[in-house]
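# Structural overview
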Amino acid sequence: MQEKMKADLEAPLPAGQEDFAIRCRDVCRSYGKLKVLNNLNLAVPQGQIYGLLGPSGCGKTTLLKCIVGTLKISRGHITVLGKPPAFPGHDIPGKKVGYMPQELALYNEFTISDTLTFFGRIHGLTSKETQARMNFLIDFLDLPQKTSLVRNLSKAVAGTAAILKQTPLLSGSSVSRIFFCLLSRIWHHLVEIVKTGKVSVIITTHYIEEARQANVPILSVLQTLEHAFLQLCETSDQVDSKRDSSSPDGTLDKSQSFENGKDESQPILGVRSPPAEEMDWKVRARHVLPKWRNIAALMIKTLVRMKRMPGSLCFQFLLPVIQVSLICLCVGGDPKGIQVAIVNNETSPSAFSQSFLSFLDNSSVQQVNLSHKEAFEGIYNGEYWSVIGFGKNFTSYLTKRMLQRQVSQEIIDGGSIHVWLDQTNRQIALMVQKKLHQAFQAFVDYKLGGMAYMVALPIKFEEPIYGSQNTDFTTFVTPGAVLSITFYLAVGLTALSFVLERKEGLLDRCWVAGVSSLETMLAHLFSQLFVISVQIILLLLMMLLVFKNPNEGSLVLVIILIVLQGVTGISFGLVISSAIDDEQSANQAALGIFYPNLILSGIIWPVECIPYPLRYLSLVLPQTYASEALRCIMYRGWGLSRMMVWRGFAVTLGWNTFFLILATVILKLRT
C-alpha cells in the first residue's frame, strides 16, 4: 500500500495544467482513520475568484492548507501555479501566496505599521515597496493612522496583511467574518486585481451570499437546503465560471466527503518534495538552508513585541538579580537570635562556667538563664533549641581534669558541659555545636595561654588549598544556582512561544509566507539571547561586586558557560513549545522538571551524597557537570586544560545541540 501511494504521489500530471492556478486530482487527507478529504478533484482557473462553500468543520481549511503547502496530503496530486506545493524554488509556501487563516493571526502589541512591515519583510518586499503598498491599502480601506494598535482593528488589518503583496495566489477564510463593514471594498479590490489574469483568489466560506459573488462558487457538502442555495448561485450571470466548474476536472463529485469532528489547526511541514533528479542541487540547497531575511524579520518582530511591553521586559531583566540576591542573603548564613536555655548551678562570678558563657557568640545565640525544670519544659514546648548545663562543681572538676593524670568518672562528668539539642532543625543544631566549640577554644586560650595545647585536639587544620576557612554554604550553592536561574528563566521565555503563536494562527501565517521551522527556531534563539545576555550581565554584577562572591578564574569562561546554559534552556523551552499544544501542559512540563533537576544536579547538595542508582542519572543531566565546572573556574582558578572544566562545556554543548535538533524535528514532523 505504501509503495502504491508513493507511486501515485510521483506520477506525472496531465498536460494543460498551466491554464489553472490550482489543480487537485484524487486528493485524500486523513487524520488516522478519519477521512477528511476523499478523492477530491478540483481545478481553479487562472485570474478568477474561486469560492469554496461549506459548513464549518467540513474540511475547507484542510484543503486550503494542503494547497498552500503547510499540510501534506495522504494521497493524490496537487499543483499550484504549475508545480507541487513546497517544490524547491517555487515559493509556495512563500512569497507567491497571500494567506489569511481562520484565526485573526495578528500581534496585538503591534501597530498597523509594525504589522504590515513585518509581513512585508517575510514576503521579501523592500522597505520602499512595503511603504508604498501600506500607504495605498490604508487609504483604500480607510484604516486609521499607521500608529494605531491592531488590537482595536484586527479584523481589518488581518486582510490587509494578506493582500499587502500582489501575489499570484490569494487564499483565505470567510471575508465577511473578517471585514464586515469593509466587505464591498475588499470585493472591489479582489475583482480589480484578478482582471489582470495574473492573480487568482480562492476563498473558503460558509456564507451563501459571499460564495455567490465569486466567479466560481462550489458547494462542498450536498444537503437539501444547501443544494437549493447552490442552484441559486449557479443560476446567476456567471455562465463561464459555471462551465469551468462543471467540467470533469473541475467538479466536486458526490464521493468528495468532508467529515466533521477533527481539529484542522495542526500544521504539518513535512510536505512532499519531488524526486531529487528533477531539481538542481543549488535550488535544493537554497530551499533547505535558512534565509537570513526571514530570521531577521522574526527577530525584529520579537524585539518590537518586547519594546511594546516594557514592564514585562524590565521584570525579565531584574528577575535573576532578585533571585541571586535572595540566595546570597537568605541561604548559607549562620542563624541569628537562636534562644538556648542555660542551667548554671555555679553562682560565683569568677567560675569557669561564667567565663565560658562570656565567649559564646551572643549575636547568634541568645542565652536565657533558667532552672533545670523550666529549661526542659521550654525545650519540650519548642521555646528553646538547646539546653546547656553546668554542674555546681564544674570549675573545680575541670581544673582537676586538666591537672591530674587520672581522675574518676564523677570528675569527668562534673567537669563537662552538658548539652541537649533539638535536632529537628539540623542546621541550627550544627550551628549551636559550632559556636560551643569556638567558645570553648577561646575560653581555653584565655585561661591557659601557652598551655592550651594540653586540652586541644591533636589535629591542626592548615590553610586550605582552595577557598578559605570561613567559606560558607552560600559559596557552594551560588555557582549552581546561577546556572539553574539562567537555565529555567530561558525555559520560561520560550516554553510558551510556539504554543501561543500556534493557537492564534501566527505560526501558520508565517509558514505560508515561506518561513521554515529551522528559521523559526533560530530567530527565537537569537532574539532570546539578547534577553539572557542582559540578565547574565546584571546577575554577575550583583554576585561579584555587591555580594563579593570570590572568582579566582577567567571571567570570560564564566560568562561563556552561563550563556551556554541559557542557550540550552532556550533550546529545551523550544522542545516543550514544539511538542505541546496548550499552555497548561507546557507550564506543567517546564515546572515538573525543575525540582528533580535542582536536587539531582548537585546544586544544593553534593552529588557524592546521592545514592548510586540515582547518581548515574544525575551525571547525565545538563547542569551537573556544568555546575562542577563553574565551581572549578571560580574557586580553583582552573581553565579549559582541566578535564572537570572542559567536560562541563562539552556536556552543555551536547545537550544544547540535542535539544535544538529535537525541537526542529518535532516542529517539522509532528501531525
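Reading guide: rules and limits
- Residues numbered from 1 in each chain as written.
- Predicted model: local features only at pLDDT ≥ 70, side-chain atom pairs only at ≥ 80, totals over all residues.
- Heavy atoms only, no water.
- Pairing = 2+ DSSP bridges.
- Helix = DSSP H or I, 4+ residues; strand = E, 2+ residues; numbered from the N terminus.
- Axes fitted to C-alpha atoms, helices over the stretch in contact; angles between N-to-C directions.
- Phe/Tyr/Trp six-rings, centres within 6.5 Å; stacked < 30°, edge-to-face > 60°.
- Buried < 20%, exposed > 50% of the residue type's maximum accessible area, 1.4 Å probe, protein only.
- Lys NZ or Arg CZ within 6 Å of the ring centre and 35° of its normal.
- Polar contact = N/O pair within 3.5 Å; in protein donor to acceptor, adjacent residues only side chain to side chain.
- Contact = heavy atoms within 4.5 Å.
- Parallel < 35°, antiparallel > 145°, perpendicular 65-115°, else oblique.
- Left-handed = near helix turned anticlockwise from the far one by under 90°.
- Arc of directions from axis to C-beta.
- Salt bridge = Lys/Arg side-chain N within 4 Å of Asp/Glu carboxyl O.
- Disulfide = S-S within 2.5 Å.
- UniProt positions renumbered as here; feature names shortened; annotations may be inferred.

### Some remarks on the sheet that holds strand 11 (residues 386-390)
- Within the open sheet, the four strands sit side by side as 10-9-11-12. Their pairing is mixed. Looking along the sheet, the strands with just one partner apiece sit at the ends: strand 10 (365-369) and strand 12 (418-421). Taking each pair of neighbouring strands and ignoring which way they run, the sheet shows an average axis angle of 25 degrees.
- For strand 11 and strand 12, the ladder comprises four bridges, and the chain directions are antiparallel. In the sheet register, Ile388 faces strand 12, and the bridge partner there is Val419.

### Focus: the packing of aromatic side chains
- Counted according to the given criterion, the structure contains 23 aromatic pairs.
- Relative to Phe440, the ring of Phe356 has its centre 6.4 Å away and its plane inclined at 55 degrees; by these criteria the two rings are tilted. Placement of Phe356 in helix 14 (residues 352-358) and of Phe440 in helix 18 (residues 426-448) is noted, with a sequence separation of 84 residues between them.
- You can call Phe440 partly exposed: its relative accessible area is 31%.
- Linked through ring pairs, Phe487, Tyr488, Phe572, Phe594, Tyr595, Trp655, Phe658 and Phe659 together constitute an aromatic cluster.
- Arg642 extends its terminal NZ or CZ atom over the ring of Trp638, reaching a point 4.4 Å from the ring centre.

### A word on the side chain of Thr652
- If you trace the backbone, Thr652 turns up in helix 28 (residues 643-669).
- For Thr652, a relative accessible area of 1% corresponds to the buried category.
- Within the structure, Thr652 has its side chain in polar contact with the backbone oxygen of Gly648 (distance 2.8 Å).
- Apart from the residues lying within four places of it in its own chain, the contact partners of Thr652 are Leu561, Leu564, Gln565, Thr568, Pro622 and Ala626.

### A look at the packing of helix 3 (residues 112-122) against helix 4 (residues 127-140)
- At a minimum axis separation of 10 Å, helix 3 and helix 4 run at an interaxial angle of 130 degrees. Comparing their axes, helix 4 and helix 3 come out oblique. The element helix 3 and its partner helix 4 pack so that their crossing is right-handed. Mapping the contact onto sequence places Ile112, Ser113, Leu116, Thr117 and Gly120 in helix 3 and Thr130, Gln131, Met134 and Ile138 in helix 4.

### Quick word on helix 15 (residues 372-380)
- Buried within helix 15 we find Ala375, Phe376, Gly378 and Ile379. For helix 15, the arc enclosing every buried residue in end-on projection is 155 degrees, short of the 170-degree limit, so these residues lie on one face. Of the residues in helix 15, the exposed ones pointing more than 90 degrees away from the buried face are Lys373 and Tyr380.
- Residues of helix 15 that are buried make contact with strand 9 (338-344), strand 11 and strand 12.
- Immediately downstream of helix 15, the backbone of Gly382 shows phi near 80 degrees, a positive value.

### Focus: helix 2 (residues 60-68)
- Helix 2 sits mainly inside the fold: nine of its nine residues count as buried.
- Restricting attention to buried positions, one finds in helix 2 the residues Lys60, Thr61, Thr62, Leu63, Leu64, Lys65, Cys66, Ile67 and Val68.
- A positive backbone phi angle near 95 degrees is found at Gly69, which sits one or two residues after helix 2.

### A closer look at the pattern of salt bridges
- On inspection of all chains with the given rule, the structure shows three salt bridges.
- In this structure, Glu628 and Arg647 form a salt bridge, with 2.8 Å as the shortest nitrogen-oxygen distance. Residue Glu628 is found in helix 27 (residues 624-636), and its partner Arg647 is found in helix 28; the two are separated by 19 residues along the sequence.
- By relative accessible area, Glu628 is classed as partly exposed at 23%.

### Here's the deal with the state of the cysteines
- For the coordinates displayed, the defined rule picks out zero disulfides.
- The thiol sulfur of Cys24 is not disulfide-bonded, and the nearest other cysteine sulfur, from Cys66, lies at 8.3 Å.
- In this structure Cys24 comes out as buried when scored by relative accessible area, which is 3%.

### Observations concerning the UniProt feature "transmembrane region" (unreviewed entry) in the protein
- In the UniProt entry, the feature "transmembrane region" (unreviewed entry) is given for residues 476-500, 521-547, 553-577, 589-607 and 644-667.
- Taken end to end, residues 476-500 comprises 92% helix and 0% strand; its first and last C-alpha atoms sit 38 Å apart.
- The span residues 553-577 carries 92% helix and 0% strand; its end-to-end C-alpha distance comes to 37 Å.

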